[in-house]
Amino acid sequence: MGQKKDLTGSEKSKIVRYLAEGCSSLKIAKLLKRDHQTIKRFIQNSQQGRKKRVEKPRRKITAHELRKVKRAAAKMPLATSLAIFQRCNITGVPKSTRCAILRDMAKVRKAERRPPLNKTHKLKRQDWAKKYLKTDFSKVLWTDEMRVSLDGPDGWARGWIGKGQRAPVRLRRQQGGGGVLVWAFIIKDELVGPFRVEDGVKLNSQSYCQFLEDTFFKQWYRKKSASFKKNMIFMQDNAPSHASKYSTAWLARKGIKEEKLTTWPPCSPDLNPIENLWSIIKCEIYKEGKQYTSLNSVWEAVVAAARNVDGEQIKTLTESMDGRLLSVLAKKGGYIGR
């Protein structure tokens, strides 16, 4: 007989197969040239099955402790359940119970990403709000660009799954798959675009002006009446390609200068209503964890989602500007949310 060493995975598989064929443990030991007691021990252990898990009694949480947990959760945003319960000096509570308790009074959220606002930024935001408080925003053309990827923002592919169901499989890409840069503008109740920036083109001052010439001016602006052009106000943020001397001079030659070109406060994406449009489009194209296999397919999804945005939604966004300016002043230049 062979030496008394542990059975290999291959030998265990053979034992199971031989048992299914009706072989005795002694015959299996001879076939595998292993000790008979080793074979019998394996068969006995396999037939015993798993031991039933003994449920330990869960620690009861008092109403007073619940109030302490609620106060700690409010004072410790983004903290773990363990840290919150330790802050309250509540021990011996398993993670599942902690999460179940917190679920009734809180939500799992990610921290919001925002540019930092210092004192100078806040003062400039207040000055900007005061300057444009009496502006007729139905005549302002709001512009911006966004980048869309094949997989969407991190953390969006989450949702409830029924018991017994498997989570859908998501593609994993080592290099991310790239993305598409999209540009559009809104005015009153109209969405114009979106326009796709050619793949591989970096938007510097020259390429930005050429892009505006090929899309905004040739396809839309030149068709407008003289009175419309006279009253329209062009808005763009402070991206280097937008605010450069080259771009400013180029727009001036097109008649967009002085009062027809808005100034823009620093670090203020929350003041641009078109940012809300991008959120609407992204929610649509990435719903239910949707992924894309090519840049063309994600671009087609953006175009389709933009077509589904009606004039009333656009009008709601552009008409929100008065309220945004008042909020900036009320918060002394602080963020107002979007």
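Note: the structure precedes this text.
Below is a summary of the structure that appears in this document. For every chain, the first residue of its written sequence is number 1, and the numbers climb from 1 along that sequence. Totals for whole chains, interfaces and linings use every residue, but because this is a predicted model, local features are given only for residues with pLDDT of at least 70 and side-chain atom pairs only at 80 or more, for both listing and counting. Side-chain metrics in this entry use all non-hydrogen atoms of the structure; hydrogen atoms and water are not considered.

## Brief notes about a negative patch on the surface
(1) Moving on: Exposure above 30% relative accessible area and the absence of a salt bridge qualify a residue for a patch, where like charges join within 9 Å and nonpolar side chains (Val, Leu, Ile, Met, Phe, Trp, Tyr) within 5 Å. Note on areas: these come from Shrake-Rupley sampling with a 1.4 Å probe, and a residue is covered only by the protein chains present in the view. Any Lys or Arg side-chain nitrogen located within 4 Å of an Asp or Glu carboxyl oxygen qualifies as a salt bridge. Only four residue types enter the tally: Lys and Arg on the positive side, Asp and Glu on the negative side; His and the chain ends are excluded. By convention, the charge on Lys lies at NZ, on Arg at CZ, on Asp at CG and on Glu at CD. Side chains of D189, E190, D310, E312, E319 and D322 sit close together on the surface and give a patch of like negative charge.
(2) Moving on: The topology assignment puts E190 in strand 3 (residues 190-196). Note on conventions: DSSP H or I runs of at least 4 residues are helices, E runs of at least 2 residues are strands, and numbering of each starts at the N terminus.

## Observations regarding the pairing of strand 1 (residues 140-149)
(1) Moving on: With eight of its 10 residues buried, strand 1 lies for the most part within the structure.
(2) Moving on: In the sheet, strand 1 pairs with strand 4 (residues 233-235) via three bridges, with the strands oriented parallel. Considered in strand 4, the bridge of V140 is made with I233.
(3) Moving on: When DSSP finds at least two bridges between two strands, those strands are taken to pair. Pairing geometry for strand 1 and strand 2 (residues 179-187), over eight bridges, is antiparallel. For S149, the partnering residue across the bridge sits in strand 2 and is G179. Think of it in three bands: residues with accessible area under 20% of the maximum for their type are buried, residues over 50% are exposed, and the middle band is partly exposed, with areas taken using a 1.4 Å probe on protein chains only.

## Some thoughts on the nonpolar core
(1) Moving on: The set of buried Ala, Val, Leu, Ile, Met, Phe, Trp, Tyr and Cys residues whose side-chain atoms join them within 4.5 Å is what this entry labels a nonpolar core. Core analysis: the biggest nonpolar cluster contains 38 residues, and W142, V148, V182, L277, I281, I285 and V302 have the highest contact counts within it.
(2) Moving on: Mapped onto this core, the elements with two or more residues apiece are helix 7 (119-131), strand 1, strand 2, strand 4, helix 12 (274-285), helix 13 (295-307), helix 14 (311-318) and helix 15 (321-330).
(3) Moving on: Take this core: its biggest share by element is seven residues, from helix 13.
(4) Moving on: What V148 contacts, discounting residues up to four positions off in sequence, is G179, V180, V182, K282, I285, Y286, V298 and V302. Contact criterion: two residues are considered in contact whenever any of their non-hydrogen atoms come within 4.5 Å of each other.

## Topic: the sheet that holds strand 3
(1) Moving on: In space, the four strands of this open sheet follow the order 3-2-1-4, with mixed pairing throughout. If you trace the sheet from one side to the other, it starts and ends with strand 3 and strand 4, each paired once. When the angles between neighbouring strand axes are averaged without regard to direction, this sheet yields 20°.
(2) Moving on: Lying over the sheet, helix 13 contacts strand 1, strand 2 and strand 3, oriented at roughly 175° with respect to strand 3. Interaxial angles span 0 to 180 degrees and are taken between N-to-C directions of axes, which are lines fitted to C-alpha atoms, for helices over the stretch in contact.

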